[in-house]
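Here's the letter readout for the chains.
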Amino acid sequence: AFLIGLSVYFIVSFSLEKPLTLVFTPIRYAQPPQALEVLETKVLSTGINRYDLIARVKNSNAAIAVASFDYRFKSGTFVGEFSRSFILPNEEKFLVELGVESQTAPNLAEIEIAANIHWLRLGKILPPGGYDDFRENHLNFEIKDKVFTSAAELKVSEKIPINKSSFTITNQTAYSYYEVGLFIGLYNYEKLVTINYLKLNNFLAGESRR
């Protein structure tokens, strides 16, 4: 959402820390699924000798989920530890390494995805077309009232500029979640300029938070 007089807006996306409540069983395929796509990588400076490494990854398979995969970032002399994530069918998501320390400014982020990808065909546990209903019933989070307020408008401190981003998120599903993660990205037009991660604990069904 654009603000009048400002060229800055922000986008909020969510990702659950764990793959919901379904139990999947790995199977073999007559044809292998499409590989995960790395759509883009970015390096964002967050202060003196500190950087955020970001990758946007997509699972292009319409009926096959990635229950788990390991990945790590590389950039210049930095080599991160492997982390684990998952991706639902036709989903794009951010993978991030925040606050990386480096004495030299890295100009390129590389994402390495390990070979131990665990693919899962949803047709074995859901009826045909059932994933759309599952997604509607389990992942229906509404995000609205997005507002960015600059440091100049806040007038909190003249020495340390502090910007503020706010939004309202509503859990419109019938399920309460122990933990939901939010990636909050700040954009200057179409250019991502910063990203952060926010965790919501005990997010109840029907609950709204701002």
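Described below are features of the structure shown in this document.

## Details of helix α1 (residues 130-138)
For α1, the complete set of buried residues consists of G130, Y131, F134 and H138. One side of α1 holds all its buried residues, which, seen down the axis, span an arc of 95 degrees. Along α1, the residues that are exposed and aim more than 90 degrees away from the buried face are D132 and D133. Buried residues belonging to α1 abut β10 (141-149) and β12 (177-188).

## So, the side chain of T173
For T173, the location among the structural elements is in the loop between β11 (164-171) and β12. In this structure T173 comes out as buried when scored by relative accessible area, which is 6%. Here N171 takes part through its side chain, which lies 2.8 Å from a polar atom of the side chain of T173. In terms of polar contacts, T173 uses its side chain to reach the backbone amide nitrogen of Y175, at 3.0 Å. For T173, the contacting residues outside a window of four places in its chain are N137, H138, L139, N140, A205 and G206.

## Thoughts on the sheet that holds strand β2 (residues 37-47)
Pairing in this open sheet of three strands is antiparallel, and the strands run β2-β3-β7 from one edge to the other. Either end of the sheet is taken by a strand with one partner, and the two such strands are β2 and β7 (92-101). Here the average twist between neighbouring strands, direction ignored, is 15 degrees. Two elements, strand β3 (residues 50-58) and β7, share eight bridges in a ladder whose sense is antiparallel. Each residue of the ladder has a partner; that of I54, found in β7, is V96.

## Remarks on the environment of T168
Within the element layout of this structure, T168 appears in strand β11. Through-space distance from the C-alpha of T168 to that of R209 is 5.6 Å; in sequence the pair is 41 residues apart. Not counting chain neighbours up to four residues away, the residues in contact with T168 comprise E142, I143, K144, D145, S208, R209 and R210. Here R210 takes part through its side chain, which lies 3.0 Å from a polar atom of the side chain of T168.

## Remarks on the nonpolar core
Of all hydrophobic cores here, the largest spans 16 residues; its most connected members are L36, F69, F73 and L95. Elements with a minimum of two residues in this core: β3, β4 (64-75) and β7. Examining the composition of this core, we find that five residues originate from one element, β4, more than from any other. Those residues in contact with L36, other than ones at most four positions away along the chain, are V57, K58, N59, V66, F69, I87, I113, I117 and W119. Counting nine residues, the second largest nonpolar core, distinct from the first, contains F141, F167, V180 and I184.

Rules used in this analysis
- Residues numbered from 1 in each chain as written.
- Predicted model: local features only at pLDDT ≥ 70, side-chain atom pairs only at ≥ 80, totals over all residues.
- Heavy atoms only, no water.
- Buried < 20%, exposed > 50% of the residue type's maximum accessible area, 1.4 Å probe, protein only.
- Helix = DSSP H or I, 4+ residues; strand = E, 2+ residues; numbered from the N terminus.
- Arc of directions from axis to C-beta.
- Contact = heavy atoms within 4.5 Å.
- Polar contact = N/O pair within 3.5 Å; in protein donor to acceptor, adjacent residues only side chain to side chain.
- Pairing = 2+ DSSP bridges.
- Axes fitted to C-alpha atoms, helices over the stretch in contact; angles between N-to-C directions.
- Core = buried A, V, L, I, M, F, W, Y, C linked by side-chain atoms within 4.5 Å.

Everything listed is a geometric property; what it means functionally is a separate question.
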